[in-house]
Every structure is written in C-alpha cells, then in structure tokens.
Amino acid sequence: MKELETVRDWVQSSKQTVILTGAGMSTESGIPDFRSSSGWWKNIDPHTVAHITALENNYDLFHEFYSMRLSTLDSCEPHDGHFILADWEKRGLVHTIATQNVDGFHAKAGNQIIAELHGSIQNFRCHQCESQATREAFLNKEKCLNCGGKLRPNVVLFGESLPENSWMKALNAIREAELVIVIGTSLEVYPVNQLPTMTKGKTVFINKDITSNANGFDLVIEGKAKEILTNINLLLTH
Ligand code: NAD
Ligand code: APR
C-alpha cells in the first residue's frame, strides 16, 4: 500500500506524466500478450508471422496470423484500467500515452494524446503503394485496387522502423516528463525499451512478471495493471 501512496503522491505533484504501455495493459481485456506463459510467441515464432519477410515471402501465414488477431479483438473491450488513464488525462494528471499496443484501446477508452509506437491493427494499407485499404478488403485477401499489391494492417513489423512522428511524440514527452509510469511490458523490444532511460523524471514499473529489465526504475510494483490502477485511483480520489 505504501508503494501505491507514493505513486499517488508522484502523480499528483508531477507537472508532466507519461504512461508507457505494452501488451500487459490489454490482457485483462482478453487479448493475449506475447512473451508471458499465455502469450502469442509461446507457440508461434514471431519472425515467421510478424516480420517484414513473412509479409513478403509467406503472405498466407502473415494474413492468417493478423486475421486471427483481428477476430480476437472483435470480442474484447477496454477495461477499467484503460478508462482510469483516460480519466487521468481529463483531470490533467496524464500528459501523453505512449503505447506499443496496436489494439486502439487507449483511444477507445477516451485518451486523446497517444503515440502508437507500433502502429495500429485497426487500419490497413497497400504494402507496395501505401494506398489506404478497408478491413474487409484485407480480411478477404483482396489485392490493392490501385496497384494490385498486398494489403496489410498498419502495424510495425519486426525489422521495420517505428513511425517517426509517433517516436518523436513519445520521446519529446518523456524527455520533458517529471514522471514516467511503465505498465504491462517485458521491455524486451528495441527501441521502445530504451524510452524509460531517456527521462530525467521519476520512473515507475508496474508489471505482472518482474525481470532484470526492471532494474533502474525508482519504483517497481509487481501485479496486474487493472487492479493496481484501480487502487491508485481510489487513493487519488480521496
Ligand atoms: P531486432 O532484434 O531485429 O533489432 C532491431 C535493430 O535494433 C537491430 O539493428 C538491433 O541490432 C538493434 N537493437 C536491438 N536491441 C537493441 C538495443 N537494446 N540497443 C541498441 N540497438 C538494439 O529488432 P526487432 O525485434 O526485429 O525489431 C526491429 C524493429 O521492429 C524495431 O524498430 C522494433 O521496434 C520494431 N518492432 C519490433 C517488434 C518486435 O516484436 N520485436 C514489434 C513491432 C515493431
Ligand atoms: N498486468 C500487468 N502486467 C501484465 C499483465 C497484467 N494484467 N498481463 C501481462 N503482463 C506483463 C507480462 O508479465 C509481460 O512482462 O506484460 C508483459 C507483456 O510483455 P510482452 O508480451 O513482451 O509484450 P510487449 O512488451 O508489449 O511486447 C513488445 O513485441 O512482439 C512485439 O509488437 C509486439 O508491441 C509488441 C512488442
């Protein structure tokens, strides 16, 4: 409880707070993460389905994987933790959400200032000419109407670089932050895992599994995102 009171105090006093989230922020919405025991990469080699080479050389497998992720998403909704972060933005307690998640749940819950560092699975484009495409066209494995190219979701694949504007939005916010709270990520993936080291502010790590990647944080809280955010919010409200 003392740790939660400390986070409450830091959130209340910080002039600029940035929240950095990963797949662990959405597991309580029913979306698997990647590297924990029930994650996507337990039974699938990510480089065979989520790498740029999979899109180019093994489109059927690539298409099957992202179609499956889309159908998983259809039955899922943001949870209380997402809505608490949206409420904190409204109350001026959160400046920016930087997320590795492609599910769009922070926006769906109501956050306005969001950097989608690994893109979004909610919209689609032609891999060759970049023309926008519809979800139906992608799911039906149609070719690009403009150039006949392959359709893909706007997610950042292994081997691709991050969208420059999202990266700079997150980096600038973190550089100016007095507090960075990292929630639900293994911090295994470069370059996002470097972001927490780029702030002069205080850093908090909230995660179900604590590994050596938590070293260096000012405060480490082991546990589940929804429960911890709910308890911090209760302390903030009183
Ligand atoms: P990778 O393992 O291929 O490494 C990407 C590049 O970053 C390589 O040149 C590597 O040498 C370098 N690198 C890796 N870790 C580093 C570190 N700690 N410090 C400095 N340099 C480091 O990475 P990847 O997982 O294939 O991802 C490549 C790109 O795809 C990255 O921009 C990543 O954000 C993006 N991406 C990756 C994933 C993923 O799951 N890995 C998902 C979405 C987007
Ligand atoms: N509450 C808190 N932490 C959780 C919860 C939860 N309810 N559920 C899972 N976690 C933790 C797990 O213990 C794990 O450490 O969240 C972390 C999720 O880590 P990953 O599965 O590696 O997901 P992430 O860090 O977002 O992966 C980064 O890798 O494959 C790519 O594109 C993918 O953006 C993703 C990137």
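Residues numbered from 1 in each chain as written. Chains lettered and ligands numbered in written order. Predicted model: local features only at pLDDT ≥ 70, side-chain atom pairs only at ≥ 80, totals over all residues. Heavy atoms only, no water.

- In the nomenclature of an unreviewed UniProt entry, the chain is known as protein acetyllysine N-acetyltransferase of Ureibacillus endophyticus.

1. Section: the pattern of salt bridges
Reasoning step 1: Tallying each qualifying case throughout the model produces eight salt bridges.
Reasoning step 2: Of the charged contacts, one joins glutamate 77 and lysine 108 as a salt bridge, the two residues approaching to 3.2 Å between their closest N and O atoms. Of this pair, glutamate 77 sits in the loop between α4 (59-74) and α5 (80-90) while lysine 108 sits in helix α6 (residues 105-109); the two residues are 31 residues apart in sequence, bridging distant segments of the chain.
Reasoning step 3: In this structure, glutamate 130 and arginine 125 form a salt bridge, with 3.7 Å as the shortest nitrogen-oxygen distance. (Salt bridge = Lys/Arg side-chain N within 4 Å of Asp/Glu carboxyl O. Helix = DSSP H or I, 4+ residues; strand = E, 2+ residues; numbered from the N terminus.)

2. Here's the deal with the site of ligand 2
Reasoning step 1: Taken together, 22 residues sit near ligand 2, with Phe34, Arg35, Thr185, Ser186 and Asp209 positioned nearest.
Reasoning step 2: Between histidine 118 and ligand 2, the recorded distance is 2.7 Å, taken from a side-chain N or O atom to an oxygen atom.
Reasoning step 3: At 3.4 Å, a backbone N or O of glycine 184 approaches an oxygen atom of ligand 2.
Reasoning step 4: If ligand 2 stood free it would expose 730 Å²; the protein chains cover 95% of that surface.
Reasoning step 5: Taken domain by domain, the makeup of the shell around ligand 2 includes at least three residues from each of domain 1 (1-29 + 78-118 + 162-238) and domain 2 (32-75 + 121-155). (Near = heavy atom within 4 Å. Polar contact = N/O pair within 3.5 Å; in protein donor to acceptor, adjacent residues only side chain to side chain. Areas by Shrake-Rupley, 256 points an atom, 1.4 Å probe, with all protein chains shown as cover. Domains from an automatic or database assignment.)

3. Here's the deal with the environment of glutamate 5
Reasoning step 1: Here glutamate 5 lies in helix α1 (residues 2-13).
Reasoning step 2: In this structure, the C-alpha to C-alpha distance between glutamate 5 and leucine 236, residues 231 residues apart in sequence, is 8.7 Å.

4. Re the UniProt feature "binding site: Zn(2+)" (unreviewed entry) in the chain
Reasoning step 1: Feature annotation in UniProt assigns "binding site: Zn(2+)" (unreviewed entry) to the following positions: Cys126, Cys129, Cys144 and Cys147. Their sequence span is 22 residues, while the largest C-alpha to C-alpha distance among them is just 8.4 Å; these annotated residues converge on one region.
Reasoning step 2: Not counting residues within four places of it along the chain, the set of residues in contact with cysteine 126 comprises Ser131, Cys144, Cys147, Gly149, Lys150 and Leu151.
Reasoning step 3: Relative to the assigned elements, cysteine 147 resides in the loop between α7 (135-139) and β6 (151-155). (UniProt positions renumbered as here; feature names shortened; annotations may be inferred. Contact = heavy atoms within 4.5 Å.)

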